[in-house]
Structure formats: structure tokens, C-alpha cells
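In case you want the letters, here they are:
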Amino acid sequence: MPSAPNETSPRLLRAFLAVAEELHFTRAAARLYVAQQALSRDIRALERELGTPLFVRTTRQVALTTEGERLLPHARRVLAAHDELAAAFAPAARPLLVDVAAPVSTGQLVLDAAREAAPGVEFVARYHSGLAGAAAEILAGRLDVSFGRVAGLSDEALAGLEHCLVRYERVAVLLPSGHRLANLPVVPVGALKGDTLYAGAGNEGTTEWTSYARALFAGCGVEMAPPFPKIEGEAEFARVVRKRGWSVLASEVFIGVEDMVLRPLSEPVPVSPVSLVWRKGLRHAGLDALRDAGRRLSVTSDWLSRPPASWLPEADAALLDVG
């Protein structure tokens, strides 16, 4: 690849990164809020500037060339540094956009503590369940921070994010009140054999939770509910799962649903790691307050202690470097 010019525009690199991650010009243009023709012009301009094709385009797919693969890590580093510089000199009043998934969640507890500790910082909460969806919004610059299971994200997404573990949530099952296991205080995983269990299959924003469920119930005879459109809102969620008679994989921190009961799982005791997640290079007083609040709650509420005989998917243990 010829030497890159000293004044390559961050706009051109951002266009390249969006196409490289989406491998689709229409999705990349939507992600950047630009017309597809403008995005194509920027990619051509960058290719002329660098003197090499960066993508192979066919009617069916878009793929990186060898030189495009070579540029990708450099583009990520340059844009992270650019974002860091912009954040360092951004007006202090800029609100921090934080997705906490649900009003009843670990993320909400951390946000509440951060607001109390830093009353001068404006936090704007979002409630869109699923870290996979939130991570895409963070990488596109439409969101700053979220919470969830980072081991369920792609390597490409993780390359643009930073994260710190806040809590191990004990995993539970939400059962119809008339379910054969509803009267048990704790439900053994194996006792769910033969059940159909909903874990967000079909919702692209919660793929990290669906993959957790598949790992937990592998070989247990539990049938995963088939893919279903994303369910918006607590009332609609309750209506759908009650109508279909599904059990629901949940966590110990979960909304109450009429005519359903929440029971922790055992044998083994599954736990789900909840991490604070943000864009690489982000600098903001609100992020500092959230990280401090997460650390305090982890200690005062004993959030990082795992129960005896606890279970984590291998991917989580490897990423978090725990046994």
C-alpha cells in the first residue's frame, strides 16, 4: 500500500470503517446517516488517496481486499484517537446517553448511583433490551454506554469497545404460575427438560442472551422457543409469553409479570456477567461517574462474588479470565 497522506480525512476513514464492519453499503450509509451515493463517493476518494482498492464489490456481496484488511486496524486506532480528542474538548454539558436495558436492571441501579454522586452531569437513559443491539449503536456513535454480557459480542464489535465487569447476576427462569415447577423455591436446570423456553431468539439485539441460553441448556432436553419478532414493551412481553405458554430465561433482576413467578436456577447455579460497556476512546465525566458507581456497588453489594458451584459459559470465563 502506498504511504497514506498526512491529512486523510476522518470522515473518509469513518466511511471506510462503516462499510468494512457492515460489508453492505446501504446499511453502512444508514448507520452514518448519509446517502449511499455520498458514502460511495467517500470510499472512492479514499481509494484514490491511498492508491489501492479497499473493497471487492459484486452484485451480491462486498468484501475487503487485502489492503482493506490491512487498513482496518489503523483506521480504528486513528478514529479512536480522533474521538478521544473531540471528547476531551467537548462542552462539559453534553449529555451521556446510557442504555440500561430496563427500568429494573443492574444498569439502572448503577445509573441511579452515578446520578446521585454526580448531580451536575446530565445522563439520558435509554431502555432497549440487548447488548448486541446497544453495541452497534455505540459503535455508530448514537449511544455512549450500555450494560450486558460482552462475551456474546463479535470480535469486530469488541475491537471498538472497552468494558469492565460490574456484577454476576444469578440466572433465573420465569414460569407461568400454574407450571409444574412453579412451587419450587429453586428450579434445577435438568427439571426443565421438555419445556419450551424463550430466550430472545429472532431478536438481533439480544443475540448474546440467546447464545448464553444455548450454552446453558445444551444436552438438557430443553427446547428453545423459535425465532420471534422483537417484543417491544413490558405489557406486550407479558402478553406474548403468557399467550404462548413459554417459560422465559431471565436473571434475578427482572420485571414482575402478572400470573408468572421468577425462580432461580440450580444444579448448576448459572450466573451471567454484566459489564459496563463503552466506545473506545470515550472521555466524559458521566462515564467516570458510572465506572465509580459500578465499582462501589460491586463492593458494597458483593456483586462480584459467585455462589458455590456456579456456572459460566466457556467464552465468558476466557474473556473475563476467570475459572
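This text goes with the structure placed above it.
Now for a description of the structure that goes with this document. These numbers come from a predicted model, not from an experiment.

### What to know about the packing of aromatic side chains
Given two aromatic rings, their pairing is described by the distance between the two centres and the angle made by the two planes.
Part 1 of the argument: Applying the stated criterion across every chain yields a total of seven aromatic pairs.
Part 2 of the argument: Between F25 and F55 the ring centres are 6.2 Å apart and the planes differ by 70 degrees, which places this aromatic pair in the edge-to-face class. A residue pair is termed long-range when its members are at least 10 positions apart, and F25 in helix 2 (residues 25-32) and F55 in strand 1 (residues 55-57) qualify at 30 residues.
Part 3 of the argument: On the basis of relative accessible area, F55 is assigned to the buried category, the value being 3%.
Part 4 of the argument: With a centroid separation of 5.6 Å and an interplanar angle of 80 degrees, the aromatic rings of Y212 and W311 are classed as edge-to-face. Pair noted here: Y212 is in helix 8 (residues 207-217) and W311 is in strand 13 (residues 310-311), with a separation of 99 residues, a long-range link.
Part 5 of the argument: Relative accessible area serves as the criterion here: at 22%, W311 is assigned to the partly exposed category.
Part 6 of the argument: Cluster of aromatic residues (ring-pair linked, three or more members): F16, F25 and F55.

### A few points about the packing of helix 2 against helix 3 (residues 36-50)
Part 1 of the argument: Here helix 2 crosses helix 3 at 100 degrees, and the two axes come no closer than 9 Å. Viewed along their axes, helix 2 and helix 3 adopt a mutual orientation that is roughly perpendicular. The segment helix 2 lies against helix 3, with F25, T26, A28, A29 and L32 engaging Q36, L39, S40 and I43.
Part 2 of the argument: Considered class by class, the residues forming the contact of helix 2 with helix 3 number six nonpolar, three polar and no charged.

Thresholds applied
Residues numbered from 1 in each chain as written. Predicted model: local features only at pLDDT ≥ 70, side-chain atom pairs only at ≥ 80, totals over all residues. Heavy atoms only, no water. Phe/Tyr/Trp six-rings, centres within 6.5 Å; stacked < 30°, edge-to-face > 60°. Helix = DSSP H or I, 4+ residues; strand = E, 2+ residues; numbered from the N terminus. Buried < 20%, exposed > 50% of the residue type's maximum accessible area, 1.4 Å probe, protein only. Axes fitted to C-alpha atoms, helices over the stretch in contact; angles between N-to-C directions. Parallel < 35°, antiparallel > 145°, perpendicular 65-115°, else oblique. Contact = heavy atoms within 4.5 Å. Nonpolar A, V, L, I, M, F, W, Y, C, P; charged D, E, K, R; others polar.

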